[in-house]
Every structure is written in structure tokens, then in C-alpha cells.
Amino acid sequence: MTSILLVTSSPRGPEGLSTRFATEIAEGLKVRLGGTLLTRDLTVNPPPHIAQAYIGGRVAAPEARTPEQAKAVGLAQELVDEVKAADVIVLGSGMINFGPSSQLKAWFDHITWPGVTFGYSAAGKPQGLLTGKKVYLVTAAGGVFSEGDWAAFDFQTGYLRHLLGFIGLTDVEVVRVEGTVFGPEAAKAAIAAAEVQVRAVLEQAA
Ligand SMILES: Cc1cc2nc3c(=O)[nH]c(=O)nc-3n(C[C@H](O)[C@H](O)[C@H](O)COP(=O)(O)O)c2cc1C
């Protein structure tokens, strides 16, 4: 049985293209592979910015944590457990000011946890601990970042790939929805191109 985790993070609500296509992939995979689908919508229920209670609580012994620390670490544990339980993770991210939304950044700040999701080898090399999972990453952006002049300013897809890889999630397939701000025709073409990518992903997974 396949456990699928869908994580969405577009602050644009139902208009979010990353949410739309990530949801299509997750639901399509469920139909094809069977199993379960858990959705974590980071905009309906956003994790807070990490703060002292979380940083301090993470290194304190569980029995020594203050109630505030226990609450902060408890949320991180819940988010990590969801990722750990998943065989497949579908992540939707819409570009906000050249990077992912702050909701998605906050999620990564909770799940990127030394000793839990990453460690270091004896030689000091970072080692991701969440291995053996497949990730589909849907990134949406108004501009075009896969190539051309703006590729150097894509602090979304490359950054997210890096963060995923850092915690062991190295098998990542990217679907890009891009170039939606250049008028209705360009937006239509961008959506059509994303639909083709989503179909290919689902056909491959079947
Ligand atoms: C507050 C805000 C900031 C944005 N910043 C950028 C940006 O820096 N670069 C860009 O190409 N598009 C930017 N956009 C356009 C979005 O990336 C685009 O609408 C994309 O589809 C958002 O993903 P979503 O559809 O999943 O919400 C921005 C949109 C909003 C609302």
C-alpha cells in the first residue's frame, strides 16, 4: 500500500496553480497506485515561524521541556512523522518574491532537524535520513526560470531541491508551471504545458 503525502503552500487559495497541479498528481497517483492520501495544507494551517521555544526545546531532554517548548517540538514531530510515514510526497510551491512562500519555508524549518532528519558522517559530511521516498515537486512562477535570463534568479526550485536533498529526499521529479504573467495567451500555454507534464508523470507512475 502506498502512502501519499500532499503538501500545498500557495497563499493564493483556490487560484494556486501549484496547489492545483500538485493535487492532480497526488489524486492521480492514489487512483493508480491505491493506498492513502494525506493532505497538509500549509496555508489553512500554517506552521509558525520557528522561535526560541522550538530551538531550545529541540535540544532539551523531553522531560525537561517547558510546556511552550513541548508544544513547539510536538508540532515539528508531527510534521516529521507525516513525511516519515509517506512513500511518496507531492509538494506544491508557488513563487513569492523569487522563493517559496514563507509557509513552506516554515515547514522546512520544522522538518530540517539535526539528528532526526539529517546527521553528519564521521568525516563531517551531511547525511539526509529520510531516504527511499519519491518526491514530485510542482513549482509555479509568474516568470520563466527554467532557462534564459531569469534562470539565475530561481531561488525556488533549486532551493527546494537542495533542502529536500539535504534531508535525504533525493529522488525528485519537478513539474514547472511558469510564464503565467505575460498575458492570457501565455498563461493558457503555461497551464497546457503543465497539464502535459502532469499526464506524463501519472503515465510513468502507472
Ligand atoms: C505576493 C506575490 C509575489 C510574487 N512574486 C513573484 C516573483 O518574485 N517572481 C515571479 O516570477 N512571480 C511572482 N509572483 C507570481 C507567482 O509566482 C505566480 O502567480 C505563481 O503562479 C504563484 O504560484 P501559485 O499559482 O501556486 O500560487 C508573485 C505573486 C504574488 C501574489
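Just so you know, these numbers come straight off a predicted model, no measurement behind them. Throughout, residues of each chain are indexed from 1 in the direction in which the sequence is written. The model is predicted, so local features are restricted to residues of pLDDT at least 70 and side-chain atom pairs to those at 80 or more, both for listing and for counting; the totals for chains, interfaces and linings are taken over all residues. Side-chain measures here rest on the full set of heavy atoms in the structure, leaving out hydrogens and waters.

**Q** Sorry if this is basic, but what is going on with the UniProt feature "binding site: FMN" (unreviewed entry) in the protein here?
**A** Listed under "binding site: FMN" (unreviewed entry) in the UniProt record, and renumbered for this structure, are Ser10. Secondary structure is summarised from DSSP: a helix means a run of H or I of at least four residues, a strand means a run of E of at least two, and numbering begins at the N terminus for each. For serine 10, the location among the structural elements is in the loop between strand 1 (3-8) and helix 1 (17-33). We call two residues in contact whenever any of their non-hydrogen atoms come within 4.5 Å of each other. Not counting the four nearest positions on each side in its chain, serine 10 is found in contact with Gly16, Ser18, Thr19 and Thr43. UniProt positions are given in the numbering used here, feature names are shortened, and annotations may be inferred rather than shown by experiment.

**Q** Looking at this structure, how should I read the pattern of salt bridges?
**A** Between side chains of opposite charge, a pair can form as their charged atoms come close. Basic side-chain nitrogens of Lys or Arg form a salt bridge, by our definition, when they fall within 4 Å of a carboxyl oxygen of Asp or Glu. Applying the stated criterion across every chain, the model contains nine salt bridges. Salt-bridge contacts for arginine 176 lead to aspartate 154; the nearest nitrogen and oxygen are separated by 3.2 Å. Pair noted here: arginine 176 is in strand 7 (residues 171-178) and aspartate 154 is in the loop between strand 6 (134-141) and helix 5 (157-166), with a separation of 22 residues, a long-range link. With a 1.4 Å probe rolled over the protein chains alone, any residue whose accessible area is under 20% of its type maximum counts as buried; one over 50% counts as exposed, and the rest are partly exposed. Classification of arginine 176 by relative accessible area gives partly exposed; the value is 22%.

**Q** What am I meant to see in the site of the ligand here?
**A** Around the ligand, the surrounding shell holds 15 residues, and the nearest of these are Ser10, Arg12, Leu17, Ser18 and Met95. In the environment of the ligand, an oxygen atom lies 2.7 Å from a nitrogen or oxygen atom belonging to the backbone of leucine 17. We call two N or O atoms a polar contact when they sit within 3.5 Å, provided that within protein one can donate a hydrogen and the other can accept it, with sequence-adjacent residues counted only if both atoms are side-chain atoms. In the environment of the ligand, an oxygen atom lies 2.7 Å from a nitrogen or oxygen atom belonging to the backbone of methionine 95. The accessible surface values rely on the Shrake-Rupley method and a 1.4 Å probe; as for residues, cover is taken only from the protein chains in view. Burial of the ligand by the protein amounts to 75% of the accessible area it has alone, namely 620 Å². Cavities and pockets were defined on a 1 Å grid built from protein atoms only: a cavity is a group of points that admits a 1.4 Å probe but offers it no way out, a pocket is an open group of points flanked by protein on both sides within 12 Å along at least five of seven lines, and a lining residue is one with an atom within 4 Å of any such point. Just a note on the criterion: a molecule sits in a pocket or cavity if more than half of its atoms are within 2 Å of the grid points. Given that more than half its atoms are within 2 Å of the pocket grid, the ligand belongs to the largest pocket. Its residues assigned to classes, the shell around the ligand shows seven nonpolar, seven polar and one charged. Nearness is defined per residue: one heavy atom within 4 Å of the molecule or strand is enough. Classification used: nonpolar for Ala, Val, Leu, Ile, Met, Phe, Trp, Tyr, Cys and Pro, charged for Asp, Glu, Lys and Arg, polar for all others including Gly.

**Q** Please clarify how empty space enclosed by the protein should be interpreted in this entry.
**A** Empty pockets left among the atoms are what a rolling probe the size of a water molecule brings to light. Grid points are joined across faces, edges and corners, and a volume is the space filled by probe spheres set on the points. In this structure the tally under the stated criterion is one cavity of 30 Å³ or more. Each pocket or cavity is described by its volume, and for the largest cavity that value is around 40 Å³. Lining of the largest cavity is provided by Met95, Thr139, Ala140, Ala141, Phe145, Asp154, Gln156, Thr157, Arg176, Val177 and Glu178. Looking at the lining of the largest cavity, the elements that each hand over two or more residues are strand 6 and strand 7. For the lining of the largest cavity, the residue count by class is five nonpolar, three polar and three charged.

**Q** When you look at the layout of surface pockets in this model, what are you seeing that I'm missing?
**A** The computed volume of the largest pocket comes to approximately 370 Å³. Lining of the largest pocket is provided by 23 residues; of these, Met95, Ala141, Gly142, Gly143 and Thr180 occupy positions nearest its centre. Contributions of two or more residues to the lining of the largest pocket are made by helix 1 and strand 6. The residue makeup of the lining of the largest pocket, split by class, is twelve nonpolar, eight polar and three charged.

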